[in-house]
Amino acid sequence: MDEMEIFRRLALAIAIGALVGVERHWRERDEDDGARTAGIRTFTLIGMLGGLAGLLERLLAPAALPGLVLVGFLVTLTAVIALFQYREGVAENRFSATAVVAAMLTFALGALALLGDVTLASAGGVVLAVILASRDFLHRAIRRLRWAELRSALILLALAFVLRPIVPAEPIGPYGGISPARILAMAIVLAAISFCGYIAVRLFGATRGELVAGTIGGLISSTATTITNARRSRQSEGVRALAAGAVSAGGVSLLRTALLVSALLPTLTERLLLPLAAGAAVMFAGALVLIHGVARGKGEAERPEPRNPFDLLAVFKMALLLVAVAFAARVASEIWGDGGLYAAAALSGLADVDAVTVTVAGMLPTLDAAVAARALGLAVLANMLAKTAYAALLGAPRFALALAGATALALLAAGSVLLLR
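Residues numbered from 1 in each chain as written. Predicted model: local features only at pLDDT ≥ 70, side-chain atom pairs only at ≥ 80, totals over all residues. Heavy atoms only, no water.

*Asks:* Looking at this model, I keep getting lost on the overall build of the protein. Mind explaining?
*Replies:* Of regular secondary structure, the protein possesses 17 helices and zero strands. Of all 421 residues assigned to the protein, the portion counted as buried reaches 45%. If you take every contact in the protein between residues at least 6 apart in sequence, the share linking residues at least 24 apart comes to 75%. Put simply, the protein shows about 21600 Å² of open surface, and 69% of that area lies on carbon and sulfur atoms. (Helix = DSSP H or I, 4+ residues; strand = E, 2+ residues; numbered from the N terminus. Buried < 20%, exposed > 50% of the residue type's maximum accessible area, 1.4 Å probe, protein only. Contact = heavy atoms within 4.5 Å. Areas by Shrake-Rupley, 256 points an atom, 1.4 Å probe, with all protein chains shown as cover.)

Listed below in structure tokens is the structure:
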């Protein structure tokens, strides 16, 4: 490490300390000089101290006792800051360990800037400043947090980061089999959609919340969003709002398919882009009409907030159903060969359209453009009709009727564009 590199890293350590110091000083900016434990100057010096301690560790620490210099500086700094923080707490009758921990982290990040990855050190400094600046927001969020929300969030995190890495990804069974990891991934998607819907309703209210949640869910899986909202509509008074979310998710799905076609299948853009865009526009308009009716009090009252963000057993049942449908599509393709492309596309569309889009893109340019366009059209049609069927089977009658009406108008608009071309 040459001198310029040392200066650059030491400057980063000082900058990290100054960044944290600005936040600490601003929070206590009305205090008189000497009334705060540590402000912008102190934290800037702590960052510099961490950098110099890292440099001394690099130059002076014996090989037999690595880290001795750093540990010595850190223990001394922690003791001094803790003492001053304690005296300030006694004087104000207010105790907090945040300043002590912030000083320790600032020192550690300054040392990391000298000894380790500068990108990690700078990112850590920004994250530390953001966490410190978010105190009021975090405190308000904790006060509003309910046990059902905390439990569901913990379950979702455990599924995603604890269980998913250890679940076998290798498919089980013939014709490519069914992957346990894929079932779990679909369950996580369904649970995430339900949880996002719950949070959206808490933040925006029953009417706007369902529309926002449906739009977000459509980015992940419009089929999963429709199934989730359909199940909820049987126990909810906000059927129109739930239907608006499902219709909006359908519009997002058509728009997403249009973007995928433009990116992966540019030769089909002229054939499919306008019909898909027309269908998406009608779906979005239908969602706005449904929400407008709820806002004006037409037909139903605001539904009460849900008590449970998601039902885990129901989530896994629906995930298994969607994965089984995708497996059936692969079986049909294997049995009928190339001639089964249409059947496979239609069966895949019962669960998802993206898989068909990617599959067809991989078959070009050997696949005829007209055949590819018809396969994608069948997948989109099957997906829209399947969601209508899911709504009829799983949802309240008004939910199914609203979704069926919007779907029929969207198909009519897309078909009209195709005929006029």
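*Asks:* Sorry if this is basic, but what is going on with the packing of helix α1 (residues 3-27) against helix α4 (residues 98-115) here?
*Replies:* Interaxial distance between α1 and α4 falls to 7 Å at its minimum, and their mutual angle equals 160°. Taken as axis vectors, α1 and α4 run roughly antiparallel relative to one another. As α1 runs across α4, the sense of the crossing is right-handed. Packed against α1, whose contacting residues are Arg-9, Leu-10, Leu-12, Ala-13, Ile-16, Gly-17, Val-20 and Arg-24, the element α4 presents Thr-98, Ala-99, Thr-106, Leu-109, Gly-110, Leu-112, Ala-113, Leu-114 and Leu-115 at the interface. (Axes fitted to C-alpha atoms, helices over the stretch in contact; angles between N-to-C directions. Parallel < 35°, antiparallel > 145°, perpendicular 65-115°, else oblique. Left-handed = near helix turned anticlockwise from the far one by under 90°.)

*Asks:* Is there a simple way to explain the side chain of Lys-387 in this structure?
*Replies:* Considering the arrangement of structural elements, one finds Lys-387 in helix α16 (residues 369-394). A relative accessible area of 6% places Lys-387 in the buried class. Beyond its immediate chain neighbours, meaning those up to four positions away, Lys-387 contacts Ser-222, Thr-223, Thr-226, Gly-250, Ser-253 and Leu-403.

*Asks:* So what exactly am I meant to see when it comes to helix α10 (residues 222-233) here?
*Replies:* Residues that lie three or four places apart on an α-helix share one face, since the helix turns once every 3.6 residues. In this model α10 runs 16 Å from its N-terminal to its C-terminal C-alpha over twelve residues, within 8% of the 16 Å that 1.5 Å per residue would give. Along α10, twelve of the twelve residues are buried, which leaves the element largely enclosed by surrounding structure. Along α10, the residues that are buried comprise Ser-222, Thr-223, Ala-224, Thr-225, Thr-226, Ile-227, Thr-228, Asn-229, Ala-230, Arg-231, Arg-232 and Ser-233. (Expected span 1.5 Å × (residues − 1).)

*Asks:* I'm lost on the nonpolar core in this one. Help?
*Replies:* A general trend in soluble globular proteins is that nonpolar side chains are found buried together. Core analysis: the biggest nonpolar cluster contains 39 residues, and Val-247, Leu-254, Val-261, Leu-268, Leu-276, Leu-376 and Phe-399 have the highest contact counts within it. Counting only elements with at least two residues in this core, the list comes to α11 (239-264), α12 (269-295), α14 (341-349), α15 (354-363), α16 and α17 (397-420). Sort the elements by how many residues they give to this core and α11 lands first, with nine residues. With residues up to four places along the chain from it excluded, the contact list for Val-247 reads Met-283, Gly-286, Ala-287, Leu-290, Leu-403 and Ala-406. Grouped together as the second largest cluster of nonpolar side chains are 21 residues, Phe-43, Ile-46, Val-118 and Leu-128 included. (Core = buried A, V, L, I, M, F, W, Y, C linked by side-chain atoms within 4.5 Å.)

*Asks:* Which parts of the structure should I look at to understand the packing of α11 against α17?
*Replies:* Each packed pair of helices is defined by two parameters, the angle between the axes and the distance between the axes. Close contact between α11 and α17 brings their axes to 9 Å; oriented N to C, the two are set at 35°. Considering how the two elements wind past one another, α11 and α17 form a crossing that is right-handed. Across the interface between the two elements, Val-239, Leu-242, Ala-243, Ala-246 and Val-247 from α11 touch Arg-398, Phe-399, Ala-402, Leu-403 and Ala-406 from α17. Of the residues that constitute the contact of α11 with α17, the class distribution is nine nonpolar, no polar and one charged. (Nonpolar A, V, L, I, M, F, W, Y, C, P; charged D, E, K, R; others polar.)

*Asks:* I'm lost on the confidence of the model for the protein in this one. Help?
*Replies:* Low pLDDT means the predicted coordinates in that region are not meant to be read closely. For the protein, per-residue confidence averages 81 on the pLDDT scale, and 85% of positions sit at 70 or higher. Here residues 298-304 scores under 50 on pLDDT; set against residues more than four positions off or in separate chains, the count is 21 contacts. (pLDDT = per-residue confidence, 0-100.)

*Asks:* What exactly am I supposed to notice about the side chain of Thr-44 here?
*Replies:* Relative to the helices and strands, Thr-44 is located in helix α2 (residues 40-60). Residue classification places Thr-44 among the buried positions, given a relative accessible area of 19%. Within the local environment of Thr-44, its side chain forms a polar contact with the backbone oxygen of Ile-40, the two atoms lying 2.6 Å apart. Discounting residues that sit within four places of it in the chain, Thr-44 has contacts with Ile-14, Gly-17 and Ala-18. (Polar contact = N/O pair within 3.5 Å; in protein donor to acceptor, adjacent residues only side chain to side chain.)

*Asks:* Help me understand the environment of Gly-251, please; the structure alone is not making it clear to me.
*Replies:* Along the chain, Gly-251 turns up in helix α11. A relative accessible area of 0% places Gly-251 in the buried class. Discounting residues that sit within four places of it in the chain, Gly-251 has contacts with Ala-280, Met-283 and Phe-284.

*Asks:* Could you clarify how one ought to interpret the pattern of salt bridges in this entry?
*Replies:* Side chains bearing opposite charge may pair, as long as their charged atoms lie close to each other. Taken as a whole and assessed by the stated rule, the structure comprises four salt bridges. Its salt-bridge partner being Arg-24, residue Glu-23 comes within 2.9 Å of it at the nearest N-O pair. By relative accessible area, Arg-24 is classed as buried at 11%. A salt bridge links Asp-136 to Arg-135; the shortest N-O distance between them is 3.5 Å. Using a relative accessible area of 40% as the deciding quantity, one classes Asp-136 as partly exposed. (Salt bridge = Lys/Arg side-chain N within 4 Å of Asp/Glu carboxyl O.)

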